[in-house]
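Okay, here's what each chain looks like letter by letter:
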Amino acid sequence: MPESPHPATTHTRRIVLKSTAVAAAGATLVPAPAVAAAAAPTTAGDVAEVMEITLSVNGRKHAVTVEPRVTLLDALRERLALTGTKKGCDRGECGACTVLVDGERIKSCLTLAVMRQGSAITTVEGLADGDRLHPVQEAFIRRDAFQCGGCTSGQIMSAVACIREGHTGSDEEIRQWMSGNICRCACYQNIVAAVADAAREVRR
Ligand code: FES
Ligand code: FES
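Because the structure is predicted, anything quoted here is derived from the model rather than measured. (Residues numbered from 1 in each chain as written. Chains lettered and ligands numbered in written order. Predicted model: local features only at pLDDT ≥ 70, side-chain atom pairs only at ≥ 80, totals over all residues. Heavy atoms only, no water.)

### Observations regarding the overall build of the chain
Each helix and strand counted, the chain has six helices and six strands in total. Counting from the amino terminus, helix and strand elements in the chain follow one another as α-β-β-β-α-β-β-β-α-α-α-α. Expressed as a percentage of contacts within the chain between residues at least 6 apart in sequence, the contacts between residues at least 24 apart total 60%. Summed over its atoms, the accessible surface of the chain is roughly 10,400 Å², and 51% of this surface lies on carbon and sulfur atoms. (Helix = DSSP H or I, 4+ residues; strand = E, 2+ residues; numbered from the N terminus. Contact = heavy atoms within 4.5 Å. Areas by Shrake-Rupley, 256 points an atom, 1.4 Å probe, with all protein chains shown as cover.)

### Details of the pairing of strand 3 (residues 60-66)
Taken together, the seven bridges between strand 2 (residues 49-57) and strand 3 define a ladder with antiparallel strand orientation. Following the sheet pairing, Glu52 is matched in strand 3 by Thr65. Where strand 2 folds back onto strand 3 in an antiparallel hairpin, the turn is made up of two residues, including Asn58, whose phi is positive at roughly 50 degrees. (Pairing = 2+ DSSP bridges.)

### A short note on helix 2 (residues 72-79)
Leu72, Leu73, Asp74, Ala75 and Leu76 are the residues of helix 2 that are buried. Where the residues of helix 2 are buried, they touch strand 2, strand 4 (98-101), strand 5 (104-107) and strand 6 (120-122). The first or second residue beyond helix 2 is Ala81, which carries a positive phi of 60 degrees. (Buried < 20%, exposed > 50% of the residue type's maximum accessible area, 1.4 Å probe, protein only.)

### Some remarks on the environment of Ala199
Looking at the element boundaries, Ala199 is found in helix 6 (residues 188-203). Using a relative accessible area of 0% as the deciding quantity, one classes Ala199 as buried. Spatially, the C-alpha atom of Ala199 lies 8.9 Å from that of Ala159, the residues being 40 residues apart in sequence. Those residues in contact with Ala199 that lie beyond four places of it in its chain are Ile163 and Thr168.

### What about the environment of Leu100?
Relative to the helices and strands, Leu100 is located in strand 4. Among the residues examined, Leu100 registers a relative accessible area of 2% and is labelled buried. Through-space distance from the C-alpha of Leu100 to that of Thr122 is 5.0 Å; in sequence the pair is 22 residues apart. In contact with Leu100, not counting residues within four places along its chain, are Arg105, Ala120, Ile121, Thr122, Met157, Val160, Ala161 and Arg164.

### Describing a nonpolar patch on the surface
Among the surface-exposed residues, Leu133, Ile141 and Phe146 lie close enough to one another that they form a single nonpolar patch of about 240 Å² accessible area. Residue placement: Leu133 occurs in the loop between strand 6 and helix 3 (135-142). (Patch = residues over 30% accessible without salt bridge, like charges linked within 9 Å, V, L, I, M, F, W, Y side chains within 5 Å. Salt bridge = Lys/Arg side-chain N within 4 Å of Asp/Glu carboxyl O.)

### Side note on the nonpolar core
The nonpolar side chains of a soluble globular protein tend to be buried, and buried together. If you look at the biggest cluster of nonpolar residues, it comprises 27 residues, and the most contacted ones within it are Val136, Phe140, Met178, Ile191 and Val195. Elements with a minimum of two residues in this core: helix 3, helix 4 (152-165) and helix 6. For this core, the element with the highest residue contribution is helix 6, accounting for eight residues. When neighbours within four sequence positions are excluded, Val195 is seen to be in contact with Phe140, Ala159, Ile163, Thr168, Ile174 and Met178. (Core = buried A, V, L, I, M, F, W, Y, C linked by side-chain atoms within 4.5 Å.)

### Focus on the packing of helix 3 against helix 6
Geometry of a packed helix pair, given as the angle between the helix axes and the separation of the axes. Relative to each other, helix 3 and helix 6 sit at 140 degrees, their axes nearing to 8 Å. Here helix 3 is positioned oblique relative to helix 6, judged by the angle of their axes. As helix 3 packs across helix 6, the resulting crossing turns out to be right-handed. Residue-level inspection shows Pro135, Val136, Ala139, Phe140 and Arg142 of helix 3 in contact with helix 6, the latter providing Ile191, Ala194, Val195, Asp197, Ala198, Glu201 and Val202. (Axes fitted to C-alpha atoms, helices over the stretch in contact; angles between N-to-C directions. Parallel < 35°, antiparallel > 145°, perpendicular 65-115°, else oblique. Left-handed = near helix turned anticlockwise from the far one by under 90°.)

### Here we look at the pairing of strand 4
Each regular strand displays side chains that alternate between the two surfaces of the sheet. Side chains Thr98 and Leu100 of strand 4 all project onto a buried face; the interleaved residues Val99 and Val101 project onto the opposite face, where all are buried too. Across four bridges, strand 4 lies against strand 5 in antiparallel orientation. Bridge pairing in strand 5 places Leu100 opposite Arg105. With antiparallel pairing between neighbouring strands as the criterion, strand 4 and strand 5 make up a hairpin whose turn holds two residues, including Asp102 at a positive phi of roughly 50 degrees. Relative to strand 6, strand 4 runs antiparallel, the two sharing two bridges. Bridge pairing links Val101 to Ile121 in strand 6.

Put into structure tokens, the structure is as follows:
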């Protein structure tokens, strides 16, 4: 797929980390020992503070204790056991970790959990309506738009947003606006077909 700017790729770790202090203002600092075992490994110079925050994920509120440096991706996977969101590159390049935050797609490895309090977060686990899959999920299955599946949840979340954004006027437009999501299995043709199918379904 052609390379083009993706909304989520405009974030850098530098911006994210600079924003931490602002985001942390709304969180509660607690001593580290209480959660030391659950926290990520530390090195000698790290600040050993943790925060109690609330994340709203797939319509449910979750109390989570994290260090300020914990990404939303790690909070989802390691604190909330929502492992449908995948860690690929962990540096904003592959799109495997894409989730929706207040309806917008973001790469969850590029944002900190403490910055997302008060936002409505949607992961791939929150798309289906009971036993009924989301039209994008159905289209991916129907179009056989995956092989190993490593990129698939990110592709699906990005596709949901792409359709809502109205960027599905042509295959070329879909390719451009899905270009932040890499598929190492090169299922692009089927992914584009699935997104186009789902867009038609949603517009009906
Ligand atoms: S894991 Fe986030 S972009 Fe690759
Ligand atoms: S299906 Fe394997 S990386 Fe996309």
